[in-house]
Amino acid sequence: MGIEVCVKAASGAPDVLGDCPFGQRILLTLEEKKLPYKTHLIDVSLKPDWFLAISPKGKLPLVKFDEDENWVADSDLIVGIIEEKYPEPSLVTFPTEFASVGSKIIGAFVMFLTSKDHANDGSDMALLDELEALDHHLKTHVGPFVAGDKVTVVDLSLASKLYHLETTLGHFKDWCVPESLTNVRDYMKVLFSLESFEKTKAAKEYLIASWAPKLDV
């Protein structure tokens, strides 16, 4: 049957792709490598028995590369296996130190999004610091991507996270990436215009609906 992928379905819409950034990262990787795959959308509020049989703890995303192989969890591990099994086109980030660019943005974003008092806890400034660091990298290195003119795994990881950031902070905090961070804003436009991203992104309304319960709104 080839590659099979279990990813989260949208909240309240079990037949629509959900908002999980780690699941999108896997789909982006497969799309960029032009690999055929079958998608299983998992309703996390009503997990099917066959899914719980292969993932008793309900972990997502899951990938199986061949009918005779086991299902694999953890997006980092999955991306590594995809690169090893299907090395062309390469999505390896080089120089290797660029692989950590923007890695702290997701944590800072979640802290700010869930903060009840960002004016005093500094969570907004912590996120701004991380975005400024990304902006500096993009400004001082040839782009448009983190490691040059070709998209790599670090870009695919950041794409979905920046999409969550833009969508949820705009909706819940009335906040957006400052206009002064022109390199980050341009980078986001490039990422969001990728054919692979358009094909694998969650609709904004489902993304917002998924975050709302976590924010008590």
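Each remark here, short or long, concerns the structure printed above.
Worth saying up front: this structure is predicted, and the values here are computed from it rather than measured.

Rules of the game
- Residues numbered from 1 in each chain as written.
- Predicted model: local features only at pLDDT ≥ 70, side-chain atom pairs only at ≥ 80, totals over all residues.
- Heavy atoms only, no water.
- Salt bridge = Lys/Arg side-chain N within 4 Å of Asp/Glu carboxyl O.
- Helix = DSSP H or I, 4+ residues; strand = E, 2+ residues; numbered from the N terminus.
- Buried < 20%, exposed > 50% of the residue type's maximum accessible area, 1.4 Å probe, protein only.
- 1 Å grid on protein atoms, 1.4 Å probe; cavity = no way out; pocket = protein on both sides within 12 Å on 5 of 7 lines; lining within 4 Å.
- Points joined across faces, edges and corners; volume = space filled by probe spheres on them.
- Nonpolar A, V, L, I, M, F, W, Y, C, P; charged D, E, K, R; others polar.
- Domains from an automatic or database assignment.

(A) Expanded view of the pattern of salt bridges. Tallied over the full model, the rule gives seven salt bridges. One salt bridge connects E4 with K64, and the closest N-O pair in it is separated by 4.0 Å. Of the two residues, E4 sits in strand β1 (residues 3-10) while K64 sits in strand β4 (residues 62-64), which places them 60 residues apart along the sequence. Here E4 falls in the buried class, since its relative accessible area comes to 8%. In this structure K64 comes out as buried when scored by relative accessible area, which is 13%. For E69, the salt bridge goes to K85, with nearest N and O atoms at 3.3 Å. Note that E69 is positioned in the loop between β4 and β5 (72-73) and K85 in helix α3 (residues 75-85), a separation of 16 residues in sequence. Assessed through its relative accessible area of 39%, K85 is described here as partly exposed.

(B) Structural context of empty space enclosed by the protein. Here the structure, examined in full by the defined rule, presents one cavity of 30 Å³ or more. Taken as a whole, the largest cavity encloses approximately 90 Å³ of empty space. Contributing to the lining of the largest cavity are 15 residues, with G18, D19, C20, Q24 and T200 lying nearest its centre. For the lining of the largest cavity, the elements supplying multiple residues, two or more each, are β1, α1 (21-32) and α7 (153-172). It is α1 that provides the largest number of residues to the lining of the largest cavity, a total of three residues. Looking at the lining of the largest cavity, its residues break down into seven nonpolar, five polar and three charged. There are two domains that each give the lining of the largest cavity at least three residues, and those are domain 1 (2-85) and domain 2 (96-214).

(C) Structural detail: unusual backbone geometry. The amide bond that connects E88 to the next residue, P89, takes the cis arrangement and shows omega of -10°. Examined against the element boundaries, P89 turns out to sit in the loop between α3 and α4 (105-114). Residue P144 is bonded to the preceding G143 through a cis peptide linkage, with omega at 15°. Assignment of secondary structure puts P144 in the loop between α6 (123-140) and α7. One non-glycine residue with positive phi stands out, namely K34, at about 60°. Along the chain, K34 turns up in the loop between α1 and β3 (37-42). Classification of K34 by relative accessible area gives exposed; the value is 65%. Here the phi dihedral of D74 falls at roughly 80°; this positive angle occurs in a residue that is not glycine. Along the polypeptide, D74 turns up in the loop between β5 and α3. Judged by its relative accessible area of 44%, D74 falls in the partly exposed class.

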